Amino acid sequence: MPDPSRHRRTRTADRLLGALCWASALAVVAVFLWLLWDLLSQGLSHLSWSFLTGTVEDAGRGGGIAPVILSTLLILLVCLAVAVPLGVGCATWLSEYQRPDGALAGAITKAVDLLASVPSIVFGLFGMVFFCQVLDLGFSITAGGLTLACMILPIIIRTTLTGLHSAPNELRLGAAALGMTRHSALRHLLIPAAVPGIVVGVTLGISRAMAETAALIFTSGYATRMPSSLSDSGRAMSVHIYDLAMNVPGGAANAAASAAILLAVLTAINFTASKLSDRWHAKAVVTR
Amino acid sequence: MNDLSLPSSPGIRQGDASLNPKSQPEPASVISVRGLQLRYGDLVALRDVNLEIPSSQVTAVVGPSGCGKSSFLSCLNRLTDLIPSCRAEGRIRFDDVPDLLHPKVDLLELRRRVGMVFQKPNPFPLSIRRNFELPLREHGVPKDEIPGRMESTLREVGLWKEVADRLNSGAQLLSGGQQQRLCIARALALKPDVILFDEPCSALDPMSSGIVEEHIAALKDRVTVVIVTHNLAQAHRIADRLAVFWVRDGAGTLIEDGPARRVFESPRDPDAALYLRGAKG
Amino acid sequence: MTWWRNISLSRQGTDRLVGGGLGLMAVISASVVFFILIFVCRGALPALREVGLTRLLTDGRWLPASSREPQYGVTAMLAGSLLVTAGAMLLATPLGLLSALFERFYAPRNLGRWYRRVLELLAGVPSVVFGLWGLMVLVPAINRWHPPGQSLLAATLILGLMVLPTLALTASAALESVPAAYFQAASALGMGRAATILGVALPAARTGIGGGALLAAARAIGETMAVVMVCGNIAQIPGSVFDPVRPVTSTIALEMGYATAAHRSVLFATALLLILMVAGPLGLAAFVKTQQKKRTVRHA
Ligand SMILES: Nc1ncnc2c1ncn2[C@@H]1O[C@H](COP(=O)(O)OP(=O)(O)OP(=O)(O)O)[C@@H](O)[C@H]1O
Ligand SMILES: [Mg+2]
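About the criteria used
Residues numbered from 1 in each chain as written. Chains lettered and ligands numbered in written order. Predicted model: local features only at pLDDT ≥ 70, side-chain atom pairs only at ≥ 80, totals over all residues. Heavy atoms only, no water. Pairing = 2+ DSSP bridges. Helix = DSSP H or I, 4+ residues; strand = E, 2+ residues; numbered from the N terminus. Disulfide = S-S within 2.5 Å. Buried < 20%, exposed > 50% of the residue type's maximum accessible area, 1.4 Å probe, protein only. Contact = heavy atoms within 4.5 Å. Buried area = accessible area lost by both parts, 1.4 Å probe. Salt bridge = Lys/Arg side-chain N within 4 Å of Asp/Glu carboxyl O. Polar contact = N/O pair within 3.5 Å; in protein donor to acceptor, adjacent residues only side chain to side chain. Nonpolar A, V, L, I, M, F, W, Y, C, P; charged D, E, K, R; others polar. Axes fitted to C-alpha atoms, helices over the stretch in contact; angles between N-to-C directions. Parallel < 35°, antiparallel > 145°, perpendicular 65-115°, else oblique. Patch = residues over 30% accessible without salt bridge, like charges linked within 9 Å, V, L, I, M, F, W, Y side chains within 5 Å. Areas by Shrake-Rupley, 256 points an atom, 1.4 Å probe, with all protein chains shown as cover. Lys, Arg positive; Asp, Glu negative; His and termini not counted. Near = heavy atom within 4 Å. Core = buried A, V, L, I, M, F, W, Y, C linked by side-chain atoms within 4.5 Å.

## A word on the pairing of strand β1 (residues 29–40) of chain B
All names here are of chain B. Relative to strand β2 (residues 43–54), β1 runs antiparallel, the two being bridged by eight bridges. Opposite Ile31, over in β2, you have Ile53 as the bridge partner. The hairpin formed by β1 and β2 contains two residues between the paired strands, and Gly41 there has a positive phi angle of roughly 60 degrees. Summarising the sheet, β1 and strand β4 (residues 86–94) pair through eight bridges and their orientation is antiparallel. Looking across to β4, one finds that Arg34 is bridged to Arg91.

Here's what the structure looks like:
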C-alpha cells in the first residue's frame, strides 16, 4: 500500500548517502590531483637529460642523480637475486612437499605472515645489526639489498603459492600416473603453471622495494658517489628524496624532480602488475 | 566369497583350466588382490577385497557411487600414496612383483607398467609432442625412438590423422574426445602391461564416448584393461569379466565377480542381481 | 630394469635432494622473522636490564643523549604514535568506506573502474613522496593558519591520506564478496538503496571491512617516512592538534644514526614496543578471522 511519507524518507536517505559518497570520492580524487600537480609543477622544470645522467653536486641541490639511479638498480638487483629464488623455493616446498595441514608447514606459513607485518623501520634496524655489523658488510649496497630481500620475501612467497595452488591437481595426478618424478613434474609442469604468479610477485616486490626508505637509511647509507662495487655504500632514490627534503635547505625542487621520476616508474610497474594479474585471471577462466 | 579357485602363488601362471574343466580355460591372472583393505584416516573405504585380474582381458568394475571403485583402481598403481591419510593393507601381486603395496617397490616403474586414464581428460598444458616426450624421456626412452612411438600409439587410438599436422600445437586445444584418446595414447606409449580406466567416457559426449570405447575394447590384445564404468550397457559391450562392488557395513567390498556373461545372466548375489537388472531393462 | 630397487617416488635420489634443498629454503625464509626478533631483543636487553621498563614508562622527558642526567621517558612518543594513528584512522575510515560504497554502488560502471584505478595508484605512492608533499605543501599551509605547521594535524592528514586507499580497497573487496542473493532479496522487499547498503551490505561485509581497518591501523603505527617529515619531531604530549609530536618510528629513524651505548639500546627497546603495538591490531584481525571461520563452519 502506498505511503507517501515513507517513500519520501527512503528517497531522502538514498540521496543523502549518494551525495556523501560522491563528495568523498571527489575529495580523494581532488587531493590526488593536487599532489600530482605539485610534484609535477615543482619537479618537471628541473627534469632534463643532464639531471638523469649527471652526478650529485652540492649535496643534491645541483647536478643530477645518475649515481642514485645506479645504486637503486644495484640494490634492487641484490634484493631480487636473493628474494626470488628463496621465495619461490619456500613456496614450492610448502605447496608441493608438505601436507597443507602439516605442523611444520603451518608454522612456516605463520612465520612468513608474521614477517609480512614487521614495520619497515624494524627491518632497517635488523639489517643494520645483522648484515652491516654481524656479517660485517658495512653500509653497503649488498646490506641494503639483503634487508629489502627479507622485506619482500613474504610477497614472493604468497604470490608463488597462489600460482602453484591455481595449477590444477590433474597435472600432479597425471604426472604421477605416468611414473614421472616429483621434481620433473615440478620443473616441467607445476613451476611453469605458477610463472604468472611469480611474475606478479616479482613486480609487486620491485614496487615495494623501490618505494622503501626506512629500511635503507641504516643499511645502504647516504653516499652519493658513483658506486663502483656492491660493497660500496649507495643512496637509493627514496633516501635521496628524504635527505634532500629534510637535511638540505634548498633541495626541495630536486627532491620533487626525483619524486616525479620515482612516481612515474612505480606507476608503470604497478600498472604492469595489475595488467598481468588481470590477464592471468582472464586466461585461467578461459582455459578451464 | 567368490568363485575363484585360482592359486595366488606367483609361480603358477597357467590358470585353473585343469581344476575346473567344465568352464572355459581361465587365462593367467596378471594382478591378484588378496584381502585388500583401504582406509582414508578413520574411514574404511574398502574391506576384504579379493580379485583376480586375468591378462589380456577387459575387466569391468561396476557398482553404485561411493562404493570405492576409484579407490580400488588407485591401489593398483599406488596413486593412493599421493593422499597422505590413505592406508592400504593386504597383498596385491602384480606379474612378477610379489606385493606391490610393499614400501620398497619402485613406484616410477610400477606406474610405467600400470598406466591410468582418468575420468576428466588430463593432457598437460603443453604441445601434443611434449605430452609424449616428457614421460618418455623420464623413462629413459632414447630421443630418436620417441617420434616412432608417438606415431604408432596415436595411430592405435585413431588420432594420428587428426593431429599429424598439429603436433606442436597445444594439447588442450583438442576436443574432449580427442584429448581422452591422446591420454590413452600417452599411457600406451610407455608400453604398459595394464591400463586402468576410471570412467573414461563419462565426461564425453555420446559420439566421442563411442569412439573412445571402441579403442579401449581394441586394446586388450596388447594390454590388460581394468575399467570402472557406470554405464552397464558399456560394460556389457566390452567386458570379458565383471566385478561388482557394493557398500556393506559402511565399507566398500567386492560382492561378485566372474566372466561378464555369467555374472550378467545369473548373478549369485541378490544386491548384484538387483543392480545389474538395470543393464537389461 | 630391476624391479626391487630401493626407491619410490618420494625417496628417489634426486627427489630427495630437491626436496631437501627446497625445505632448507623454506626454513631459512621462516627463520628471518625469528632473527629479527632475536636481534631486536638482543639490542634492547641492556636497556631493559639497566634502565628498566618502569623508567622507560615513567621518566618525564626524553633526553637520552644528555651526559649528566639522561632521561628515557617514552610515554610522549607512545602517545605520539597512538594519537597520529587514531587521527589518521578517524579521517580515513569514513572516507575510505564512502569511497568503497561510491565505487560499488553509486558510480556509473566505467567511472567506478576509473576511481578504482586512482585508488590503486594512490596506494602505490611511496611514503617518502607523501612526506615530501606534506613538507612542501601541507606544512606551509598549516603554518599560515596556525604556526608552526609541522604538527600532529599535518601528520594525521598525511597518514590518513596514506592509509585511505588500503581501507577503501579492502572494504570494496569485502563488499564485492557479499552474495548477490542478499541484494536480490532486499530489492524484492522494496528496500531503497541506502537501506540496502546500511542494513544488508555493510553488516554482511563487516568482518572484511573491520579486518581491512585493522590492517590499515597496523600500517599506520609502523609508518615512518610520511610521518617523520611532517610531525615536527618534538617529544612531548601535544596540547592541541597544532603542536609538534614525535612518534616511535620517527625517533628511531632520526636518532639511530648517531646513538651509542644506553641511548642506542633504548632505541631498540622502543622498536620492541613498536612491534608489540603493531602486533595488537594484527592479532585482533587474525582472531576475528578465525572466529568467523569457526562460525561459518558451524553453520555449514
Ligand atoms: N581423498 C579422499 N579422502 C577421504 N575420503 C575419500 C577420498 N577419496 C575417496 N574417499 C571416500 O572413499 C569412499 C570411496 O570413494 P571412491 O571415490 O573410491 O568411490 P567410487 O566408487 O569411485 O565413486 P564414484 O562412482 O562416485 O566415482 C567414499 O566414501 C569417499 O567419500
Ligand atoms: Mg570414482
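Structure's up, so let's keep going.
## Quick word on the state of the cysteines
Under the criterion given, the structure shown has zero disulfides over all chains. Cysteine Cys86 of chain B shares no disulfide, and the gap to the nearest cysteine sulfur, in Cys75 of chain B, comes to 6.4 Å. Residue Cys86 of chain B is classed as buried on the basis of its relative accessible area of 8%. Of all cysteine sulfurs, the one in Cys150 of chain A lies closest to Cys41 of chain C, which takes part in no disulfide; the gap is 17 Å.

## What to know about the environment of Asp38 of chain A
Within the secondary structure layout, Asp38 of chain A lies in helix α1 (residues 4–43). Spatially, the C-alpha atom of Asp38 of chain A lies 31 Å from that of Ile141 of chain A, the residues being 103 residues apart in sequence. The contacts of Asp38 of chain A, once residues within four sequence positions are left out, are Trp133 and Val137 of chain C.

## Regarding the interface of chain A and chain C
The interface is formed by 73 residues belonging to chain A together with 75 residues belonging to chain C. Taken together, both faces of the contact between chain A and chain C bury some 6,300 Å²; the carbon and sulfur share is 83%. At the surface where chain A touches chain C, the tally comes to zero salt bridges. Across the chain A-chain C interface, the total number found is five residue pairs in polar contact (both at pLDDT 80 or more). For the side of chain A that touches chain C, the leading source of residues is α1 of chain A, giving 20 residues. Of the residues belonging to the side of chain A that touches chain C, the class tally is 53 nonpolar, 14 polar and six charged.

## Quick look at the packing of helix α5 (residues 120–134) of chain A against helix α1 (residues 13–51) of chain C
Axis separation between α5 of chain A and α1 of chain C bottoms out at 9 Å; the angle between their running directions is 85 degrees. Classified by the interaxial angle, the pair formed by α5 of chain A and α1 of chain C is roughly perpendicular. Contacts between α5 of chain A and α1 of chain C involve Val122, Phe123, Phe126, Val129, Phe130 and Val134 of chain A from the first element and Phe35, Ile36, Phe39, Val40 and Arg42 of chain C from the second. Looking at side-chain class alone, the contact of α5 of chain A with α1 of chain C contains 10 nonpolar, no polar and one charged residues.

## Quick word on a nonpolar patch on the surface
Together, Trp22 and Leu26 of chain A together with Leu111 and Trp114 of chain C line one region of the surface with nonpolar side chains, adding up to about 450 Å² of accessible area. Of all the secondary structure elements, the ones that give two or more residues to the nonpolar patch are α1 of chain A together with α4 (109–124) of chain C. Here Trp22 of chain A lies in helix α1.

## Description of the side chain of Asp198 of chain B
Residue and element names in this part refer to chain B. By secondary structure assignment, the location of Asp198 is in strand β6 (residues 194–198). For the buried Asp198, no salt bridge exists, and the shortest N-O distance to an oppositely charged side chain is 7.2 Å, to Lys69. Among residues more than four places away in sequence, those in contact with Asp198 are Ser70, Leu73, Met116, Val117, Phe118, Gln119 and Val228.

## What about the site of ligand 1?
Residues and elements named next belong to chain B. Around ligand 1, a shell composed of 13 residues is seen, among which Ser65, Lys69, Ser70, Ser71 and His230 lie nearest. Contact distances for ligand 1 include 2.8 Å between an oxygen atom and a side-chain N or O atom of Lys69. Burial of ligand 1 by the protein amounts to 62% of the accessible area it has alone, namely 630 Å². Listing elements by their share of the shell around ligand 1, those giving two or more residues are β2 and α1 (69–76). A total of three residues in the shell around ligand 1 trace back to one element, the largest contributor, which is α1. Looking at the shell around ligand 1 residue by residue, the classes come out as five nonpolar, six polar and two charged.

## As for the nonpolar core
With 242 residues, the main nonpolar core has Leu154 and Leu242 of chain B as its most contacted residues. Here the element with the most residues in this core is helix α6 (residues 152–176) of chain C; it accounts for 16 residues. Ile31, Ala45, Leu51 and Ala243 of chain B belong to the second largest nonpolar core, which has 38 residues in total.

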